[in-house]
Amino acid sequence: MEDCMFIYSADTPPSHESSPPKLSDHSDSLAAPVNVTIKALKYNSAVVTWDIPEGDLVIGFAITQQKKDVRMLRFIQEVNTTTHSCALWDLEEETDYIVHVQSISMSGPMSQHSEPLRFRTPKESETQASKNKDEVTMEEVGAQLRAGEFIIIVVVLIMWAGVIALFCRQYDIIKDNEPNTNKDKAKTSSECSTPEHPTGGLLRSKFPKNNNNNNRAPSVNIIEV
């Protein structure tokens, strides 16, 4: 079954705030809604919310909306829904309203009316001023976020500059140590060289040594490079 909403307005005799007009039979077994409140209040609209006592089988709601001390009454009814809120529209600015909420049971009868909820709509200028204030607040938040992003970028750039400076310093140290290393290599090479072989060489005998001192054969030394 689709949701079904009925809305009508009717002229009714002035009624006391705590005793709304009786539009239907009441169910004694179904408790009235509780915690009825108004949210998103504007100069021409509002949202009424409520809670249902635990254990009640509810399939819809009915709302009576009435201006204070005015005969006109608006009745809103919706079934096949589990929502606990309803929008009120076409309100007049700086006007007092009285709202009652009823629950609708599966068998049809409605609960007793909730406690009367009284509220007053603000001026249109007050609503616009509040909206402008919220916009300014969002702009301030955006400016703070942009400032934070700028600070992060600056910190990252400083860190990168430090890394580059450290790398350049280490490179200069390595560069300065290269001449000393070349000098040590040249010194070692000169110690191992001879006049005949400036690049150095290994001197060894081609013939094995003879232990007989009397018969010594001439030896020839060959330098292998």
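Residues numbered from 1 in each chain as written. Predicted model: local features only at pLDDT ≥ 70, side-chain atom pairs only at ≥ 80, totals over all residues. Heavy atoms only, no water.

**Some points on the overall build of the protein chain**
Next up, step 1: When helices and strands are tallied, the protein chain shows 1 helix and 10 strands.
Next up, step 2: For the protein chain, the α and β elements follow one another from N to C terminus as β-β-β-β-β-β-β-β-α-β-β.
Next up, step 3: Counting across all 225 residues of the protein chain, residues that qualify as buried make up 23%.
Next up, step 4: Looking at the protein chain as shown, the accessible area adds up to about 16,500 Å², and 56% of this sits on carbon and sulfur atoms. (Helix = DSSP H or I, 4+ residues; strand = E, 2+ residues; numbered from the N terminus. Buried < 20%, exposed > 50% of the residue type's maximum accessible area, 1.4 Å probe, protein only. Areas by Shrake-Rupley, 256 points an atom, 1.4 Å probe, with all protein chains shown as cover.)

**Describing the UniProt feature "transmembrane region" (unreviewed entry) in the protein chain**
Next up, step 1: Residues annotated in UniProt with the feature "transmembrane region" (unreviewed entry) correspond here to residues 150–168.
Next up, step 2: Between the C-alpha atoms that bound residues 150–168 the distance is 27 Å, and the span itself is 100% helix and 0% strand. (UniProt positions renumbered as here; feature names shortened; annotations may be inferred.)

**Looking at the confidence of the model for the protein chain**
Next up, step 1: Model confidence for the protein chain is summarised by a mean pLDDT of 76, while 62% of its residues fall at 70 or above.
Next up, step 2: The model gives residues 14–18 a pLDDT under 50, and that stretch makes 9 contacts with residues more than four places away or in other chains. (pLDDT = per-residue confidence, 0-100. Contact = heavy atoms within 4.5 Å.)

**Let's talk about the sheet that holds strand E3 (residues 46–51)**
Next up, step 1: As summarised here, the arrangement of the 3 strands in space is E2-E3-E6, forming an open sheet in which the pairing is antiparallel. A single partner strand is all that each edge strand has here, and the edge strands are strand E2 (34–39) and strand E6 (85–88). Within the sheet, the average angular offset between the axes of one strand and its neighbour, ignoring direction, is 20°.
Next up, step 2: Two strands pair when backbone bridges link them, and E3 and E6 are joined in this way by 4 bridges, in the antiparallel orientation. Among the inter-strand pairings, Val47 is bridged to a residue of E6, identified as Ala87. (Pairing = 2+ DSSP bridges. Axes fitted to C-alpha atoms, helices over the stretch in contact; angles between N-to-C directions.)

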